[in-house]
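Listed below, chain by chain, are the residues.
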Amino acid sequence: MVLVTNTNRDDSIIEARSVEEALAKIMVTDNLPVDRHPEKRLKASFKAFEETELPRLKEEKPGLTHNQYKDLIWKLWKKSPDNPLNQVSSDSLILSNA
């Protein structure tokens, strides 16, 4: 009976012939698929944005109604880098560099 572990399926082992090749294999962002549907994350990311911005706006601009705060948050959200629809995808970078 053989008592040696099988390393064929060990994902922690990275084999590369150069530093660039090793870094390319380590980089997680390069290996992720391109997010083609950012609108799927829109509701959750807006909710998180709203939870962080509402207390700040209440402190900066006291006395507004809740609907006025919501309108301000929505205007900030449209321009925010946290908005998935505002994030630059790798496809647009490739097209703009061509």
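Residues numbered from 1 in each chain as written. Predicted model: local features only at pLDDT ≥ 70, side-chain atom pairs only at ≥ 80, totals over all residues. Heavy atoms only, no water.

Draft legend 1. Highlighting the side chain of Glu53. Counting through the fold element by element, Glu53 comes out in helix H3 (residues 42-60). Residue contacts for Glu53: discarding those within four places in its chain leaves Ile73 and Leu76. (Helix = DSSP H or I, 4+ residues; strand = E, 2+ residues; numbered from the N terminus. Contact = heavy atoms within 4.5 Å.)

Draft legend 2. Fine view of the pattern of salt bridges. Across all of its chains, the model carries three salt bridges by this definition. Residue Glu50 pairs with Lys70 through a salt bridge whose shortest N-O separation is 2.3 Å. On the criterion of sequence distance, the pair formed by Glu50 in helix H3 and Lys70 in helix H4 (residues 66-79) is long-range, its members being 20 residues apart. What you see here is one network of salt bridges that share partners, running through Glu53, Arg56 and Glu60. (Salt bridge = Lys/Arg side-chain N within 4 Å of Asp/Glu carboxyl O.)

Draft legend 3. Highlighting the confidence of the model for the protein chain. On average, residues of the protein chain score 78 in pLDDT, and 73% of them reach the 70 mark or higher. Within the protein chain, helix H5 (residues 90-97) has the poorest average pLDDT of any element, 48, and H4 the best, 94. Ignoring residues within four places in sequence, the model shows residues 90-98, a span with pLDDT below 50, making four contacts including any to other chains. (pLDDT = per-residue confidence, 0-100.)

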